[in-house]
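Coordinates in review
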Amino acid sequence: MPDLENRWGINESLLQSYRSIFISSQSYLLAVGAIVSGKNTVALFTIALVSLAMIWFIWFPVVTSRHRIVDYYKFAIGLAETNRLQLCSEHEYVHDRTLRTSANKLFGINTNWRETRLKIDLVIPILFSLIWIVLIVYELYAV
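Below or above, wherever it landed, is the structure these notes cover. Worth saying up front: this structure is predicted, and the values here are computed from it rather than measured. (Residues numbered from 1 in each chain as written. Predicted model: local features only at pLDDT ≥ 70, side-chain atom pairs only at ≥ 80, totals over all residues. Heavy atoms only, no water.)

A tally of helices and strands in the chain yields 6 helices and 0 strands. Each helix and strand of the chain, placed in order from N terminus to C terminus, yields the pattern α-α-α-α-α-α. Here the chain has a C-alpha radius of gyration of 19 Å; the compact-globule value for 143 residues is 15 Å, and the former is much larger. Seen along its three principal axes, the alpha-carbon backbone of the chain occupies a region of about 65 × 25 × 20 Å. Scored against the burial criterion, the 143 residues of the chain give a buried share of 37%. Across the chain, the fraction of contacts at a sequence separation of at least 24, relative to all contacts at a separation of at least 6, is 72%. Accessible surface computed for the chain: about 8400 Å², of which carbon and sulfur atoms make up 65%. Taking the 13 positively charged and 11 negatively charged side chains of the chain as two groups, their mean positions are separated by 4 Å. (Helix = DSSP H or I, 4+ residues; strand = E, 2+ residues; numbered from the N terminus. Rg over C-alpha atoms; globule rule 2.2 N^0.38 Å. Buried < 20%, exposed > 50% of the residue type's maximum accessible area, 1.4 Å probe, protein only. Contact = heavy atoms within 4.5 Å. Areas by Shrake-Rupley, 256 points an atom, 1.4 Å probe, with all protein chains shown as cover. Lys, Arg positive; Asp, Glu negative; His and termini not counted. Charge placed at Lys NZ, Arg CZ, Asp CG, Glu CD.)

This is the structure we're talking about:
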């Protein structure tokens with residue numbers, strides 16, 4: 001049980017760190033993009049492309065996987081030993097939807113997307129993406 005609590009704590013801490021890193025890096029890149037907007041279209045498009053790739057190929061998958069790992073340990077702590085033996089591995093929980101759904105039934109949850117996670121892990125990346133799109137559209141039509 002203490003090992004599960006340690007793993008939960010470590011992974012929760014990593015999740016918060018990753019969120020902070022991604023939000024900070026996007027804020028920085030967006031500021032640089034806004035500065036070069038109207039001055040250097042190639043630089044703006046390059047920064048926008050890198051930023052959007054970062055959001056959807058790094059940020060979103062990493063944070064989604066990490067919050068699943070947090071749930072895996074958080075809810076495994078509350079399971080009786082016999083139910084814990086029925087659990088899939090952490091890796092399977094993250095990558096196999098069918099096994100995750102079965103584990104979530106044992107955990108007593110329907111989804112890993114709770115209200116806060118929807119706002120932080122989905123809405124914020126979408127908002128950053130929309131801001132990038134607006135900046136690109138502005139660059140294309142204002143110049």
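There is more to say after this.
Attention shifts here to a nonpolar patch on the surface. A cluster of nonpolar side chains, W56, F57, I58, V62, V123, I126, L127, L130, I133, V137, L140 and Y141, forms an exposed patch at the surface whose accessible area comes to about 1100 Å². Elements represented by at least two residues in the nonpolar patch include exactly α2 (41-77) and α6 (115-142). The leading source of residues in the nonpolar patch is α6, at 8 residues. For L127, the position within the fold is in helix α6. (Patch = residues over 30% accessible without salt bridge, like charges linked within 9 Å, V, L, I, M, F, W, Y side chains within 5 Å. Salt bridge = Lys/Arg side-chain N within 4 Å of Asp/Glu carboxyl O.)

Our next topic: the side chain of N112. Here N112 shows up in the loop between α5 (97-107) and α6. When its relative accessible area of 6% is taken as the criterion, N112 is described as buried. In terms of polar contacts, N112 uses its side chain to reach the side chain of Y93, at 2.9 Å. A distance of 3.4 Å separates the side chain of N112 from the side chain of N104, its partner in a polar contact. The residues contacting N112, other than those within four sequence positions of it, are H67, R68, D71, Y93, R100, N104 and R117. (Polar contact = N/O pair within 3.5 Å; in protein donor to acceptor, adjacent residues only side chain to side chain.)

Time to look at the packing of aromatic side chains. The geometry of two aromatic rings is summed up by the distance between their centres and the angle between their planes. Taken as a whole, this structure holds 8 aromatic pairs when the rule is applied. Seen in terms of ring centroids, F60 and W113 are 6.0 Å apart; in terms of plane orientation they differ by 15°. Their pairing is stacked. In this pair, F60 is assigned in helix α2 and W113 in the loop between α5 and α6, connecting sequence segments 53 residues apart. Residue class for F60 comes out partly exposed when judged on its relative accessible area of 22%. You can call W113 partly exposed: its relative accessible area is 24%. Cluster of aromatic residues (ring-pair linked, three or more members): Y72, Y73, F75, Y93 and F107. (Phe/Tyr/Trp six-rings, centres within 6.5 Å; stacked < 30°, edge-to-face > 60°.)

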